[in-house]
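# Residue-level structure breakdown
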Amino acid sequence: MTIFEKIVAREIPAKIVWQDEDVIAFHDVNPGAPVHVLVVPKRVIPRIAESTAADQALLGKLLLTTRIVAEKLDLLTSGYRVVINNGPDAGESVPHLHVHVLGKRKLGWPPG
Ligand code: AMP
């Protein structure tokens with residue numbers, strides 16, 4: 001079980017921002033910005049590179065959920081960044097697809 005599956009199963013705690021039958025969004029335990037939320041599919045896709053056409057609707061839902069998170073946490077005016085880390089060079093550390101939503105500070109570009 002991935003750590004995010006354990007959060008979905010409520011076996012470990014998380015500060016949940018939003019969830020429905022397909023996705024869950026919760027605050028990152030080690031935030032990289034004043035707002036740092038992870039949007040996670042309840043069904044495991046290990047990483048974006050392993051998604052298939054069968055995941056199309058779920059992938060769309062993940063992105064639409066980032067908008068819900070942004071609205072709930074008052075990021076729509078100030079702006080925010082949506083990030084997916086895929087594989088070692090990107091720093092992926094949990095093999096369960098997740099979309100980072102970062103905001104409430106000025107974010108540098110390109111990322112480090
Ligand atoms: P990534 O490096 O893209 O795989 O992102 C994994 C993220 O999961 C990191 O930002 C971690 O801080 C975060 N993380 C790991 N364990 C937990 C947890 N139990 N609750 C919330 N966030 C977590």
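Located above this text is the structure these notes cover.
Heads up: these notes are all about the structure in this document.

What counts, and where the lines are drawn
- Residues numbered from 1 in each chain as written.
- Predicted model: local features only at pLDDT ≥ 70, side-chain atom pairs only at ≥ 80, totals over all residues.
- Heavy atoms only, no water.
- Helix = DSSP H or I, 4+ residues; strand = E, 2+ residues; numbered from the N terminus.
- Contact = heavy atoms within 4.5 Å.
- Pairing = 2+ DSSP bridges.
- Axes fitted to C-alpha atoms, helices over the stretch in contact; angles between N-to-C directions.
- Salt bridge = Lys/Arg side-chain N within 4 Å of Asp/Glu carboxyl O.
- Buried < 20%, exposed > 50% of the residue type's maximum accessible area, 1.4 Å probe, protein only.
- Near = heavy atom within 4 Å.
- Polar contact = N/O pair within 3.5 Å; in protein donor to acceptor, adjacent residues only side chain to side chain.
- Areas by Shrake-Rupley, 256 points an atom, 1.4 Å probe, with all protein chains shown as cover.
- 1 Å grid on protein atoms, 1.4 Å probe; cavity = no way out; pocket = protein on both sides within 12 Å on 5 of 7 lines; lining within 4 Å.
- Sits in = over half its atoms within 2 Å of the grid points.
- Nonpolar A, V, L, I, M, F, W, Y, C, P; charged D, E, K, R; others polar.

Next up on the list: the environment of Val99. Its place among the elements puts Val99 in strand S5 (residues 99-103). Linking Val99 and Ser78, residues 21 residues apart in sequence, is a C-alpha distance of 19 Å. Dropping the residues within four chain positions of it, Val99 is found in contact with Val37, Leu38, Val39, Leu62, Thr66, Val82, Val83 and Ile84.

Further remarks concern the sheet that holds strand S4 (residues 80-83). Strand order in this open sheet of five strands is S1-S2-S3-S5-S4, and the pairing throughout is antiparallel. Strand pairing shows two members of the sheet lacking a second neighbour, strand S1 (16-19) and S4, which therefore form its edges. Ignoring strand direction, the axes of neighbouring strands in this sheet form an average angle of 15 degrees. Pairing between strand S2 (residues 23-27) and strand S3 (residues 35-41): five bridges, direction antiparallel. By the bridge assignment, Val23 is partnered in S3 with Pro41. Packing of helix H2 (residues 56-72) onto the sheet brings it into contact with S1, S2, S3, S4 and S5, and relative to S3 it is tilted by some 150 degrees.

Should their charged atoms come close, side chains of opposite charge can pair. Tallying each qualifying case throughout the model produces eight salt bridges. In this structure, Asp20 engages Lys61 in a salt bridge whose closest nitrogen and oxygen atoms are separated by 2.9 Å. In this pair, Asp20 sits in the loop between S1 and S2 while Lys61 sits in helix H2, placing the two residues 41 residues apart along the sequence. Judged by its relative accessible area of 18%, Asp20 is buried. The partly exposed category is assigned to Lys61, whose relative accessible area is 21%. Across the salt bridge formed by Asp22 and Lys61, the nearest N and O atoms sit 2.7 Å from each other. Of this pair, Asp22 sits in the loop between S1 and S2 while Lys61 sits in helix H2; the two residues are 39 residues apart in sequence, bridging distant segments of the chain. Classification of Asp22 as partly exposed rests on a relative accessible area of 28%. The structure contains a network of salt bridges with shared partners spanning Asp20, Glu21, Asp22 and Lys61.

Once that is clear, we can look at the site of the ligand. Taken together, 16 residues surround the ligand, and among them Asp28, Asn85, Ser93, His98 and His100 come closest. At a separation of 2.5 Å, an oxygen atom of the ligand approaches a polar side-chain atom of Asp28. Note that an oxygen atom of the ligand is positioned 2.8 Å from one of the side-chain N or O atoms of His100. When the free accessible area of the ligand is taken as 500 Å², the share hidden by the protein chains comes to 83%. Of all the cavities here, the one that holds the ligand is the largest pocket. Of all the secondary structure elements, the ones that give two or more residues to the shell around the ligand are helix H1 (3-8) and S2. If you tally residues by element for the shell around the ligand, the top one is H1, at three residues. The class makeup of the residues in the shell around the ligand is seven nonpolar, seven polar and two charged.

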